[in-house]
Amino acid sequence: MGTLMHRIQALPGTTFSNVVERGNYRSEERACLSFREFERILALEVLGPYHNEIHRGLGQPPIAKWTSSIETAVFRHPLDSQAFLLDFLPYEIRVIRRDGVRLFNIQYQDGGLAHLLGRPDTRLRVKYDPRNLSSVYVELPDGDHVRVPYADLRREPITLWEHRNAVRCLKDEGRRSVDETSIFAAIREQRAILDEARGQSRKARRNVVRREIAQRCADSPSEPNQSQFPAGKAEDDVDRIPMPPPGAHSGVEIW
């Protein structure tokens, strides 16, 4: 991790390990990468230099050690990729009512919850994907999950970051409480402003990327996001981080 973090801290906008190391370096002013771009650079760093340089502890490149080790390894993949994703999602405890379930001041409803109403305890885990709040996942007592969409299906997918920003802005305007309608209205207004500001500032660019993430997740809301890294390579990526030589196999899959 030390080697990897040393290289990451060479990227523009780094905050370094602590304020002493950062000194007078203005991280916010120099930051220019979206989260998606950083994910790709991190993956390229692992697949390129890190895997193919001699490791002092191993006495050989990590990729060579990996290749020799997997020759006798028995691979165990998740039996259900959907269930694997749900195991790692954050959750809140909520009461299941006749009108569905409420999370982040948003109402969710689905007929699959009807059989839970007769239970003595209807407090269950409600899991959510911060990248796309258009649906939540209610964990049943037997461990299965029910995907529950917005009660109002006309609502557009939003991210948790957009939601929090909208609530903060509404409270700054003096509102003591906010409802679902005002939240989505605020988000639509913010998106209109972001569309105008696209490319004009780093903050606007980051927020636009978050919106695009929500839209991509909405295209397949019940499946893990497998398009984190584009197939093509930008020239900057190739120049900055070398990849394994032609014909070499990294042995690592990117999801």
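About the cut-offs
Residues numbered from 1 in each chain as written. Predicted model: local features only at pLDDT ≥ 70, side-chain atom pairs only at ≥ 80, totals over all residues. Heavy atoms only, no water. Pairing = 2+ DSSP bridges. Helix = DSSP H or I, 4+ residues; strand = E, 2+ residues; numbered from the N terminus. Axes fitted to C-alpha atoms, helices over the stretch in contact; angles between N-to-C directions. Buried < 20%, exposed > 50% of the residue type's maximum accessible area, 1.4 Å probe, protein only. Salt bridge = Lys/Arg side-chain N within 4 Å of Asp/Glu carboxyl O. Core = buried A, V, L, I, M, F, W, Y, C linked by side-chain atoms within 4.5 Å. Contact = heavy atoms within 4.5 Å. Phe/Tyr/Trp six-rings, centres within 6.5 Å; stacked < 30°, edge-to-face > 60°. Lys NZ or Arg CZ within 6 Å of the ring centre and 35° of its normal.

(A) Seen up close, the sheet that holds strand β6 (residues 145-149). With respect to topology, four strands assemble into an open sheet ordered β1-β4-β5-β6, the strand pairing being antiparallel. The sheet is open, and its two borders are formed by β1 (91-95) and β6, each paired with just one other strand. Ignoring strand direction, the axes of neighbouring strands in this sheet form an average angle of 35°. As paired strands, β1 and strand β4 (residues 123-129) are joined by five bridges and run antiparallel to one another. By the bridge assignment for β4, Val95 is matched with Arg123.

(B) Structural view of the environment of Ser34. Turning to its location among the elements, Ser34 is positioned in the loop between α3 (27-30) and α4 (35-52). Classification of Ser34 by relative accessible area gives buried; the value is 6%.

(C) Looking closely at the pattern of salt bridges. Taken as a whole, this structure holds eight salt bridges when the rule is applied. Among the ionic pairs, Asp152 bridges to Arg155, the shortest N-O distance being 3.8 Å. Here Asp152 matches Arg155 in class, with each residue buried. Where Arg188 meets Glu156, a salt bridge forms, and the shortest distance between an N and an O atom there is 3.5 Å. Remark: Glu156 occurs in the loop between β6 and α7 (160-172) and Arg188 occurs in helix α8 (residues 180-197); sequence separation between them is 32 residues. The exposure class assigned to Arg188 is partly exposed, which follows from its relative accessible area of 41%. Among the residues examined, Glu156 registers a relative accessible area of 18% and is labelled buried. In the salt-bridge network here, residues are joined through shared partners; they are Asp152, Arg154, Arg155 and Glu180.

(D) Here's a closer look at the nonpolar core. In this structure, Tyr108, Leu133, Val136 and Val138 are the most contacted members of the largest nonpolar core, which totals 28 residues. Among residues more than four places away in sequence, those in contact with Tyr108 are Asp99, Gly100, Val101, Leu103, Leu133, Ser134, Ser135, Val136, Val148, Pro149, Tyr150 and Ala151.

(E) Up close: the packing of aromatic side chains. Tallied over the full model, the rule gives five aromatic pairs. Seen in terms of ring centroids, Phe104 and Tyr128 are 5.0 Å apart; in terms of plane orientation they differ by 90°. Their pairing is edge-to-face. Taken together, the residues span a long stretch of sequence, with Phe104 in the loop between β2 (101-103) and β3 (106-108) and Tyr128 in strand β4 at a distance of 24 residues. A connected cluster of aromatic rings, assembled from ring pairs, spans Tyr108, Tyr150 and Phe184. Sitting above the plane of the Tyr91 ring, Arg125 keeps its charged end 4.3 Å from the centroid.

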